[in-house]
Amino acid sequence: MIKRVNHIAIAVKNMDEALSVFENLFGLKAAHIEELPDHGVKAAAIPIGDGEIELLEPIDPEGAVAKFIERRGEGIHHICLEVDNIDEELKSLAKRGVELIDKVGRKGLAGKVGFLHPRAAKGVIIELAQKV
Ligand code: ZN
């Protein structure tokens, strides 16, 4: 079951510069910054109410986020929906023929996460996340 929008992620070239933009504009600060080599990024979570903005800076030039910035420039990268059970949700989508990037959940900044292919949702990458 989909519970809520967990976060909106923005691909950025430089994390420190992007963090200072959100701090200067709105006084917002990252609560958590972590390198996620599996995803090829350094990620920062900026809490806003019960949601977050996630900033993603590529640390792997061959990774998906680095390629995204190469093709489309900086900007909104994905929307994350929170679910009760990530593996069940991915399995149910796969059964319905939905094009997935991840068939099972894996570690992400927002918990255990899995991505749908942007072709599945009008060109938008959707991340599903289960809190752990
Ligand atoms: Zn995310």
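Everything numeric here is computed off the predicted structure, so don't read it as measured data. (Residues numbered from 1 in each chain as written. Predicted model: local features only at pLDDT ≥ 70, side-chain atom pairs only at ≥ 80, totals over all residues. Heavy atoms only, no water.)

Draft legend 1. Spatial organisation of the coordination of the zinc ion. Looking at the zinc ion, one finds its protein donor set to be His7 (NE2), Glu54 (OE), His78 (NE2) and Glu127 (OE), positioned 2.0 to 2.3 Å from the metal centre. Angles of 88 to 167° at the metal separate the four donor atoms of the zinc ion, which places the site in the irregular class. Mapping the donors of the zinc ion onto the primary sequence gives the spacing H-x46-E-x23-H-x48-E. Residue Glu54 is located in strand β4 (residues 51–58), and its partner Glu127 is located in strand β8 (residues 125–130); the two are separated by 73 residues in the primary sequence. An identical accessibility class is assigned to Glu54 and Glu127; each is buried. (Donors = N, O, S within 2.8 Å, 3.2 Å for Na, K, Ca; no water. Tetrahedral: all angles 85-135°; square planar, octahedral: opposite > 155°, others 65-115°. Helix = DSSP H or I, 4+ residues; strand = E, 2+ residues; numbered from the N terminus. Buried < 20%, exposed > 50% of the residue type's maximum accessible area, 1.4 Å probe, protein only.)

Draft legend 2. Looking closely at a nonpolar patch on the surface. Judged by side-chain polarity, Val5, Ile8 and Ile76 come together as a nonpolar surface patch covering roughly 270 Å² of accessible area. Among the structural elements, Ile76 can be located in strand β5 (residues 75–83). Here Ile76 falls in the exposed class, since its relative accessible area comes to 59%. (Patch = residues over 30% accessible without salt bridge, like charges linked within 9 Å, V, L, I, M, F, W, Y side chains within 5 Å. Areas by Shrake-Rupley, 256 points an atom, 1.4 Å probe, with all protein chains shown as cover. Salt bridge = Lys/Arg side-chain N within 4 Å of Asp/Glu carboxyl O.)

Draft legend 3. Up close: unusual backbone geometry. One non-glycine residue, Lys122, adopts positive backbone phi at about 55°. Tracing the backbone through its elements, the reader meets Lys122 in the loop between β7 (111–115) and β8. Relative accessible area serves as the criterion here: at 84%, Lys122 is assigned to the exposed category.

Draft legend 4. Up close: helix α1 (residues 15–26). Here α1 is 12 residues long and its end C-alpha atoms lie 16 Å apart, about the 16 Å a rise of 1.5 Å per residue gives. Those residues of α1 that sit buried are Met15, Ala18, Leu19 and Phe22. Each buried residue of α1 sits inside an arc of 100° when the element is viewed along its axis, so together they form one side. Exposed positions of α1 whose direction lies more than 90 degrees from the buried face are Asp16 and Asn24. Buried-residue contacts for α1 involve β1 (2–11), β2 (32–36), β3 (41–48) and β4. By the N-cap criterion, in which a side-chain oxygen at the helix start approaches the backbone nitrogen of a residue two or three places on, α1 is capped by Asn14, the distance to Asp16 being 3.0 Å. (Expected span 1.5 Å × (residues − 1). Arc of directions from axis to C-beta. Contact = heavy atoms within 4.5 Å. Polar contact = N/O pair within 3.5 Å; in protein donor to acceptor, adjacent residues only side chain to side chain.)

Draft legend 5. Geometry of the pairing of β8. Counted residue by residue, β8 has five buried out of six residues, so it is predominantly covered. Here β5 pairs with β8 via five bridges, running parallel. Bridge pairing links His78 to Ile125 in β8. Pairing of β7 with β8 involves four bridges; the strand directions are antiparallel. Its bridge partner being in β8, Lys112 is matched across the sheet by Gln130. (Pairing = 2+ DSSP bridges.)

Draft legend 6. Geometry of the sheet that holds β8. Taking strand neighbours across the sheet as the criterion, the eight strands line up as β2-β3-β4-β1-β5-β8-β7-β6 in an open arrangement whose pairing is mixed. Both outer strands of the open sheet, β2 and β6 (106–108), are each paired with one neighbouring strand and no more. For this sheet, the mean inter-axis angle between neighbouring strands, taken without regard to orientation, is 35°. As judged from the five bridges shared by β1 and β4, these two strands associate in the parallel manner. Bridge pairing in β4 links Ile8 to Ile53. Running at roughly 155° to β4, α1 makes contact with β1, β2, β3 and β4 of the sheet. Taken strand by strand, helix α3 (residues 86–95) contacts β5, β7 and β8, and its axis lies near 140° from that of β8. (Axes fitted to C-alpha atoms, helices over the stretch in contact; angles between N-to-C directions.)

Interpretation in functional terms is not warranted from these geometric data alone.
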